[in-house]
Amino acid sequence: MNNFEHTLQALQSGEVIAYPTEGVFGVGCDPDNPQAIEKLLQLKQRPVEKGLILIAASYQQLLPYVDENQLTQEQLERVQSTWPGPVTWIMPASERVSHWVSGQFDTIAVRVTDHPLVQKLCLAYGKPLTSTSANLSGLPPCMTTQEVEQQLGDQLVAILQGETGGRNKPSEIRDAKTLQVLRQG
C-alpha cells in the first residue's frame, strides 16, 4: 500500500492525518465524524469554540456545509472568483454543520484548494477535510514532512508525503457577507 492509500484509509477509519497545503502542513479529518474531530482538537490542544476550516477539491464538495440562501449572487460570485486558491471564506453554515466544526459560530470557514495532492485526497475521499495548521498550539506551523514528524508524529497515523504550495503563510481569511479581510494571507 502506498503513502496516498495509507492516508486515505486512515481518514476512512476516523483518524487524524497531516497533509501539505498551499502554505503550511495541515492536520485534518472527516468533518462529519465528531470522534475524529475530538482527536484532532486534543492533538492540537485547540478549543472547540474556535471552529475549523473545511478544505475541498471543488465548490460542489462544500455546498452541503454552506447555506447559500443567506448570500447574494454577487457575494457568491466574489467568493468563487478566488477559487481554487489560498483564500478561505467565512460563509453561513448549513444545518449539516456540527458545532464540532463551526465552534461557537453560525458560520463556517471554507476553501477550495489549488494544491494538487489535497485535491486528489478530497476527490478520493468524496468530501472536504477539516484543516488547521499542523502544529501544537503556540508553536510555528510545520512546513515539511520532517517538521510534522518531529512535532506530531507520535500522535498521527498518517502523514501525506509531499511539498507545500510554496506560500510561506497560512491562507487569507475573508468574510463572504462583508468581504472584509479577517486574516492577511
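Residues numbered from 1 in each chain as written. Predicted model: local features only at pLDDT ≥ 70, side-chain atom pairs only at ≥ 80, totals over all residues. Heavy atoms only, no water.

Named according to an unreviewed UniProt entry, the protein chain is Threonylcarbamoyl-AMP synthase originating from Vibrio furnissii. According to UniProt, the comment filed for the protein chain under the heading Sequence similarities (unreviewed entry) is "Belongs to the SUA5 family. TsaC subfamily." (UniProt positions renumbered as here; feature names shortened; annotations may be inferred.)

Engineer: How should the sheet that holds strand 8 (residues 172-175) be read in this particular structure?
Structural biologist: For sheets, the rule is that strands pair by backbone hydrogen bonds, running either parallel or antiparallel. Across the sheet, which stays open at both edges, the 9 strands sit in the order 7-1-2-6-3-5-4-8-9 with mixed pairing between neighbours. Edge strands, defined here as strands with exactly one partner in the open sheet, are strand 7 (158-159) and strand 9 (181-183). With 4 bridges connecting them, strand 1 (residues 17-20) and strand 2 (residues 25-28) associate as antiparallel partners. Residue pairing across strands places A18 opposite V27, the latter belonging to strand 2. Together, strand 1, strand 3 (53-56) and strand 6 (129-133) form the strand contacts of helix 6 (residues 116-125), whose direction differs from that of strand 1 by roughly 135°. (Pairing = 2+ DSSP bridges. Helix = DSSP H or I, 4+ residues; strand = E, 2+ residues; numbered from the N terminus. Contact = heavy atoms within 4.5 Å. Axes fitted to C-alpha atoms, helices over the stretch in contact; angles between N-to-C directions.)

Engineer: What am I meant to see in helix 1 (residues 3-12) here?
Structural biologist: Each α-helix turn comprises 3.6 residues. Residues three or four places apart therefore point the same way. Those residues of helix 1 that fall on the buried side of the exposure criterion are F4, T7, L8, A10 and L11. Viewed end-on, helix 1 has its buried residues packed into an arc of 160°, placing them on one side of the element. Along its buried surface, helix 1 packs onto strand 1, helix 6, strand 6 and strand 7. With a side-chain oxygen positioned 3.1 Å from the backbone nitrogen of F4, the residue opening helix 1 is N2. Where helix 1 ends, the next residue or the one after it, G14, has phi of about 80°, a positive value. (Buried < 20%, exposed > 50% of the residue type's maximum accessible area, 1.4 Å probe, protein only. Arc of directions from axis to C-beta. Polar contact = N/O pair within 3.5 Å; in protein donor to acceptor, adjacent residues only side chain to side chain.)

Engineer: For this particular structure, what's the right way to read the UniProt feature "domain: YrdC-like" (unreviewed entry) in the protein chain?
Structural biologist: In the numbering used here, UniProt assigns the "domain: YrdC-like" (unreviewed entry) feature to residues 1-185. Taken as a whole, residues 1-185 contains 30% helix and 21% strand, while its terminal C-alpha atoms sit 36 Å from one another.

Engineer: When you look at the pattern of salt bridges in this model, what are you seeing that I'm missing?
Structural biologist: Should the charged atoms of two oppositely charged side chains come close, the side chains can pair. If you walk through the whole model with that rule in mind, you get 7 salt bridges. For R96, the salt bridge is made with D32, and the minimal N-O distance between the two is 2.7 Å. Of this pair, R96 sits in the loop between strand 4 (87-92) and helix 5 (99-102) while D32 sits in the loop between strand 2 and helix 2 (34-44); the two residues are 64 residues apart in sequence, bridging distant segments of the chain. Given a relative accessible area of 30%, D32 falls into the partly exposed group. The partner of D114 in a salt bridge is R167, with the nearest N and O atoms 3.4 Å apart. Of this pair, D114 sits in the loop between strand 5 (107-112) and helix 6 while R167 sits in the loop between strand 7 and strand 8, and the two are 53 residues apart along the sequence. Its relative accessible area of 30% is what places D114 among the partly exposed residues. (Salt bridge = Lys/Arg side-chain N within 4 Å of Asp/Glu carboxyl O.)

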